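Understanding the architecture of this molecule
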Amino acid sequence: MSSQTSLSISGLTLKGAVKETRSSVDSAPLFFTNLTVPTDLVEPYCYEKPYQIRPDGPPPRLSGTRRAPSAPVEIEISADRLLGLGVDGLVFSVVIHSHSEDASETPLPPLVIKLAAPNRNRWLAREAWFYDELATLQGSVVPQCYGWFAAVIPDGKCVVPWWKNGLGPEDGKSDDDVYDRDNPLADPDHKGAFRFYGAFNTAHKELLNRLRDAHCITLLLLERVGEHFIPKNAYATPQMAKQIKEDITDAYDALVRLGIDHNDIRSPNILCAPLSPPALPILESPYLQRKLRCRIVDFARSRKINMTLEEIRKGTGYAIDELPDLSASGVFVFLLQYDW
């Protein structure tokens, strides 16, 4: 297993983040500080049917990380191209303008930020918790995560990435809402969305209240990975399609081994592994001792559950089978970039 060094980023400056008004020419930066995610922030979702559950509860979190951390550094970045826009956040590629001297001997891979949409900080907190839960799979099954960060929006300022994409504080639904267009399983009669996915631990009331403050804005800093692993209108031979599906199945099975039900298995959440260089060298899956060509993303609606691994695998398998026909779509151009 690799012992590559990972950046330990204590803070970041996002240039051009806020303006006085939407018509203002001049913009100002926001400084984000690294937040510690409590290990017990998200509670497991517990089923009660005895034949489906593990008597001793979900598998425990594995200790350790895949890459040894460097000394803390600070970086200055700006949001570049919009890569994805969802209910919970906006994903941007970033331009790295500078970093502190402590990072001079540590490579900076291509990065992205996932900026919480208005009123969606707590959904991003869930995702941050799952990246910590999956620390041993970062760089091999899920993207490397470099931290969860928060900043304070000054009074009277508008957030540039929001308004450029048609969002504002009045446009985001409360993160208590259960129903949204991307969650057909949600029950609009519930009063708390998070009960369906695993409630927050109320011992962290101060943090949760901070995340609900309209002046708080959060983001995740992540390794940039590739495009959709199952793109449309591309050709793959049956053998290639079989290998693609094996990679997808093995990636989700790694989550299952940790008691994680991804709960949102769709093509947009299965991306290509990054190409190295410029990315850091790809790590082997700890369970398969081989490198996977895909990465799983978007854990806002994931659940850590007490079901048996066999039961979780059944649900995951059904969802994978519902993905587009790999023999018809495939990823021929992508395959040429890797040594099969």
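Note: the structure precedes this text.
Computed from a predicted structure; not experimentally measured. (Residues numbered from 1 in each chain as written. Predicted model: local features only at pLDDT ≥ 70, side-chain atom pairs only at ≥ 80, totals over all residues. Heavy atoms only, no water.)

Below, the discussion takes up the side chain of His 262. Summarising the element assignment, His 262 is placed in the loop between strand S9 (260-261) and strand S10 (270-272). What makes His 262 buried here is its relative accessible area of 2%. Of the polar contacts made by the side chain of His 262, one reaches the backbone oxygen of Val 297; its length is 2.9 Å. With residues up to four places along the chain from it excluded, the contact list for His 262 reads Tyr 252, Leu 255, Asn 269, Ile 296, Val 297, Asp 298, Phe 299, Arg 301 and Ser 302. (Helix = DSSP H or I, 4+ residues; strand = E, 2+ residues; numbered from the N terminus. Buried < 20%, exposed > 50% of the residue type's maximum accessible area, 1.4 Å probe, protein only. Polar contact = N/O pair within 3.5 Å; in protein donor to acceptor, adjacent residues only side chain to side chain. Contact = heavy atoms within 4.5 Å.)

Let's shift gears to the environment of Gly 168. Tracing the backbone shows Gly 168 in the loop between helix H2 (160-163) and helix H3 (194-197). Sequence separation between Gly 168 and Asn 119 is 49 residues, and the spatial gap between their C-alpha atoms is 9.6 Å.

What follows deals with the pairing of strand S6 (residues 145-152). Here S6 lies mainly inside the structure; seven of its eight residues are buried. Inspection of the sheet shows strand S2 (residues 27-35) paired to S6 by three bridges, in the antiparallel sense. Residue pairing across strands places Thr 33 opposite Ala 150, the latter belonging to S6. Summarising the sheet, S6 and strand S8 (residues 216-223) pair through seven bridges and their orientation is antiparallel. Note that in S8 the partner of Ala 150 across the bridge is Thr 218. (Pairing = 2+ DSSP bridges.)

Bringing the environment of Val 159 into the picture now. Relative to the helices and strands, Val 159 resides in strand S7 (residues 158-159). By relative accessible area, which is 5% here, Val 159 ends up buried. The sequence separation of Val 159 and Gly 16 amounts to 143 residues, and the corresponding C-alpha distance is 9.0 Å. The residues contacting Val 159, other than those within four sequence positions of it, are Ala 17, Val 18, Ile 153 and Ile 217.

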